[in-house]
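Descriptive analysis of the structure
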Amino acid sequence: MANQSGSVYGLTLLCPIVNDDRAVPSHDLQIREFLATLPTDERSPFALAPGTHMARLVVMDDVVYVGMPACEEHLKSKYLIFETNCDADIDAYFTGLARSIPEHLDAVWSHCTGYPGVRDLPAFLSYMKACQLETTFFFAAVNDKSVTDTLKALQTQRAVADFIATHPVPRGAAEAAATQREFVEFMRIVQAAPAPRPGLRPGSGANRRAIQTGGHNE
Amino acid sequence: MSNINGKVYAMNAITPMRPWKTWILRAFFFVLAHVKPLQADLVNLSFIQFARWVVIPRNRFPFLGKNQQPEELQYDYLLFFSNFNGTWNQYIDAFSAVLSKGLDLVWRWSEKFPGSVPVTPFKQYIARVQFDTDYYYTSYPQATANDVKAAHVVEDALESLGSHAASLSPEQFREAYLQFVMAVQSHLGSTGEAPTVF
């Protein structure tokens, strides 16, 4: 199935945005205004819901005209694109979103045509699937690990680097026995440690870079 | 607009295609998906965490009724979404230098695609068909694709040694620990804040 690579699912939704001339501001602008207020770190709604590796929300205003001799054409609706790379089992993923972040989902998708709200879960699932596009080709660099697996692995990697820095390869039997004891204890601590919170960025407060830019030429 | 989160850049692009050409592209992707060695360059570039191409036939845009007007389009459209590490220029340069044949096979069916070499008109084309991300989230913003791969290598090696470390004699442990350090030493780079790009 092209939507899936290993245990990672590539979900693409294209949701038509309500086209109402009387709405001020327009519904697409209301979506953009709300998205601009959402945190993108560990406080992100996608960090609160389970199973999201990466996700993006994009308002697509129109298709692109590439110039003559191509024909110029335009969409009759604007669309909200939801692109996410998540742990497989799409029903469980949608249900997890609906249960974890219902207010966020309603705040965004209430501006989309036909959105039934998350209270009616079967209708919500049907709506999301009606907006789903089949992926033609999906690539995942690491496709056999869950979000939790990867967060734990990154945490373990840092811990191992620190352990090795303070525990060089032992020379004698006594030193080897001491290193062995400490390694076994280190293993116990590493395995018992909970996974870090998803979305967590290094630094905090004034140390965290506020502006996350990224124009075409950066 | 928020195309960057930590060390990852979100790119979106849409290009028009004549409907008959989309079937050629679908055939190419079918072969690419089923002949893994053909993905070697994509894998070896190693700065793409997730990428996807989606062909939308002109008559298959989601239609939900309720006052939505159905689309009337002449072209099918190719959507491209990428999550990559590094800057926009580095990404396009690397694509053009390493994957030019593959890229041309993907986008040559799109209208007005100039080819991925030379890179200047290629960048102009990408800039024209790209549109910005309004909200971008990643669970591990401090990590690149290589960081994630390396972390799993380290964890696998650690579990392998840890599963029997307690039962080894000190001398056996010394040898096993030496092998462990040699196996993971090139996978221990630290993660953290992305460098500022000027």
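Criteria and cut-off values
- Counting starts from 1 at the beginning of each chain's written sequence and moves along it residue by residue.
- Chain letters and ligand numbers both follow the written order, the letters beginning at A and the numbers at 1.
- Confidence filtering applies because this is a predicted model: local features only for residues at pLDDT of at least 70, side-chain atom pairs given and counted only at 80 or more, and all residues used for totals across whole chains, interfaces and linings.
- The basis for every side-chain value is the complete set of heavy atoms in the structure, and neither hydrogens nor water enter the calculation.
- Strands are runs of DSSP state E lasting at least two residues, helices are runs of H or I lasting at least four, and both sets are numbered from the N terminus onward.
- C-alpha atoms define the radius of gyration in this analysis, and the globule rule sets the expected value at 2.2 Å times the number of residues to the power 0.38.
- A simple rule labels every residue: compare its accessible area, found with a 1.4 Å probe on the protein chains alone, to the largest value its type can have, and call it buried under 20%, exposed over 50%, or partly exposed in between.
- For this count, His and the chain ends are skipped, Lys and Arg are scored as positive, and Asp and Glu as negative.
- Working definition for charges: the position is that of NZ of Lys, CZ of Arg, CG of Asp or CD of Glu.
- Two strands form a pair only when DSSP identifies at least two bridges running between them.
- Take the buried Ala, Val, Leu, Ile, Met, Phe, Trp, Tyr and Cys residues and link them wherever side-chain atoms come within 4.5 Å; each set so joined is a nonpolar core.
- Contact criterion: two residues are considered in contact whenever any of their non-hydrogen atoms come within 4.5 Å of each other.
- By construction, the arc corresponds to the directions joining the helix axis to the C-beta atoms.
- In this analysis, a patch consists of residues with relative accessible area above 30% that form no salt bridge, clustered at 9 Å for like charges and at 5 Å for the nonpolar side chains Val, Leu, Ile, Met, Phe, Trp and Tyr.
- Note on areas: these come from Shrake-Rupley sampling with a 1.4 Å probe, and a residue is covered only by the protein chains present in the view.
- Counted as salt bridges are all cases of a side-chain nitrogen of Lys or Arg within 4 Å of a carboxyl oxygen of Asp or Glu.
- What counts as buried area is the accessible surface, traced by a 1.4 Å probe, that two parts surrender upon association, with contributions from both included.
- Any N or O atom pair separated by 3.5 Å or less is treated as a polar contact, with the protein-specific requirement of one donor-capable and one acceptor-capable atom, and with residues adjacent in sequence counted only for side-chain atom pairs.
- Polar here means any residue other than Ala, Val, Leu, Ile, Met, Phe, Trp, Tyr, Cys and Pro, which are nonpolar, and Asp, Glu, Lys and Arg, which are charged; Gly is therefore polar.
- Pairing of aromatic rings covers Phe, Tyr and the six-membered ring of Trp, with a centre-to-centre limit of 6.5 Å; geometry is then stacked below 30 degrees between planes, edge-to-face above 60, and tilted otherwise.
- Reported domain spans reflect what an automatic or database domain assignment gives.

Considering the overall build of chain A
Within chain A, the regular secondary structure consists of 7 helices and 6 strands. Counted from the first residue to the last, chain A has its helices and strands arranged as β-β-α-α-β-β-α-α-α-β-β-α-α. Against the globule reference of 17 Å for 218 residues, chain A gives a C-alpha radius of gyration of 23 Å, more extended than a compact globule. Per-residue burial for chain A yields a buried fraction of 51% across its 218 residues. Measuring between centres, the 19 positive side-chain charges of chain A sit 7 Å from its 25 negative side-chain charges.

Comments concerning the pairing of strand 3 (residues 48-56) of chain B
Burial of strand 3 of chain B is extensive: 9 of the 9 residues sit out of reach of the surface. Summarising the sheet, strand 6 (residues 137-140) of chain A and strand 3 of chain B pair through 4 bridges and their orientation is antiparallel. Among the inter-strand pairings, alanine 140 of chain A is bridged to a residue of strand 3 of chain B, identified as phenylalanine 50 of chain B.

Quick word on the nonpolar core
The biggest cluster of nonpolar side chains holds 56 residues, and the ones touching the most others in it are Met60 of chain A together with Met11, Ile48, Leu79, Phe80 and Tyr91 of chain B. Discounting chain neighbours no more than four positions away, the residues touching methionine 60 of chain A are Leu14, Leu75, Lys78, Tyr79 and Ile81 of chain A together with Ile14, Leu79 and Phe131 of chain B. By size, the runner-up hydrophobic cluster in this structure holds 36 residues, among which are Leu13, Cys15, Ala47 and Leu57 of chain A.

Overview of helix 1 (residues 27-37) of chain A
Among all positions in helix 1 of chain A, only His27, Asp28, Ile31 and Leu35 of chain A are buried. Looking straight down helix 1 of chain A, one finds that the buried residues subtend no more than 105 degrees of arc, so they occupy a single side. Exposed residues pointing more than 90 degrees away from the buried face of helix 1 of chain A are listed as Ala36 and Thr37 of chain A. If you follow the buried residues of helix 1 of chain A, they end up packed against strand 3 (52-60), strand 4 (79-87) and helix 4 (102-109) of chain A together with strand 6 (135-138) of chain B.

Topic: helix 5 (residues 121-130) of chain A
All names here are of chain A. Residues of helix 5 that are buried include every one of Phe124, Leu125, Tyr127 and Met128, and no others. Down the axis of helix 5, the buried side of the element spans an arc of 160 degrees, and every buried residue falls inside it. On the buried face of helix 5, the contacting elements are strand 2 (8-16), helix 3 (90-100), helix 4 and strand 5 (132-133).

A closer look at a negative patch on the surface
Side chains of Asp144 and Asp149 of chain A together with Asp156 and Glu159 of chain B sit close together on the surface and give a patch of like negative charge. Counting through the fold element by element, glutamate 159 of chain B comes out in helix 6 (residues 145-162).

A look at the interface of chain A and chain B
Listed as interface residues are 102 residues of chain A and, on the opposing side, 106 residues of chain B. Between chain A and chain B, the buried area comes to about 8,900 Å², and carbon and sulfur atoms account for 62% of it. Between the two partners, chain A and chain B, sit 3 salt bridges. Taken together, the connections running from chain A to chain B amount to 43 residue pairs in polar contact (both at pLDDT 80 or more). Top contributing element to the side of chain A that touches chain B by residue count: helix 6 (residues 147-166) of chain A, with 14 residues. The residue makeup of the side of chain A that touches chain B, split by class, is 59 nonpolar, 28 polar and 15 charged.

Re the packing of aromatic side chains
Residues and elements named next belong to chain A. For the structure on display, the rule yields 33 aromatic pairs over all chains. An angle of 45 degrees between the planes, with centres 6.3 Å apart, marks the rings of phenylalanine 183 and phenylalanine 186 as tilted. Placement of the pair is phenylalanine 183 and phenylalanine 186 together in helix 7 (residues 173-192), with a separation of 3 residues, close to one helical turn. With relative accessibility at 0%, the residue phenylalanine 183 sits in the buried group. On the basis of relative accessible area, phenylalanine 186 is assigned to the buried category, the value being 12%.

Thoughts on a nonpolar patch on the surface
On the surface, Phe30, Val31, Val35 and Leu38 of chain B cluster together into a nonpolar patch covering about 360 Å² of accessible area. Tracing the backbone shows valine 31 of chain B in helix 1 (residues 19-34).

Quick word on the domain arrangement of chain B
Quoted interface sizes are often the accessible area lost when the parts come together. Residue and element names in this part refer to chain B. Assigned domains of chain B: these are domain 1 (4-131) and domain 2 (145-187). The gap between the C-alpha centroids of domain 1 and domain 2 is 39 Å. Tallying the contact residues gives 7 residues for domain 1 and 5 residues for domain 2. Both faces considered, domain 1 and domain 2 share a buried interface measuring about 350 Å² in area, 30% of it formed by carbon and sulfur atoms. Its largest share of buried area at the contact with domain 2, domain 1 owes to Lys7, Ser46 and Gln49, together 76% of the area lost on that side.

Structural notes on the pattern of salt bridges
Scanning all chains against the criterion turns up 15 salt bridges over all chains. A salt bridge links arginine 22 of chain A to aspartate 20 of chain A; the nearest nitrogen and oxygen atoms lie 3.3 Å apart. Taking the relative accessible area as the measure of exposure, arginine 22 of chain A reaches 73% and is therefore exposed. Look at aspartate 20 of chain A and you get partly exposed, because its relative accessible area is 27%. For arginine 18 of chain B, the salt bridge is made with glutamate 111 of chain B, and the minimal N-O distance between the two is 3.5 Å. Placement of the pair is arginine 18 of chain B in the loop between strand 2 (8-17) and helix 1 and glutamate 111 of chain B in the loop between helix 4 (100-107) and helix 5 (119-129), with a sequence separation of 93 residues. Classification of glutamate 111 of chain B as buried rests on a relative accessible area of 8%. A single salt-bridge network, built from bridges that share partners, covers Asp28, Arg32, Asp61 and Lys78 of chain A together with Asp134 of chain B.

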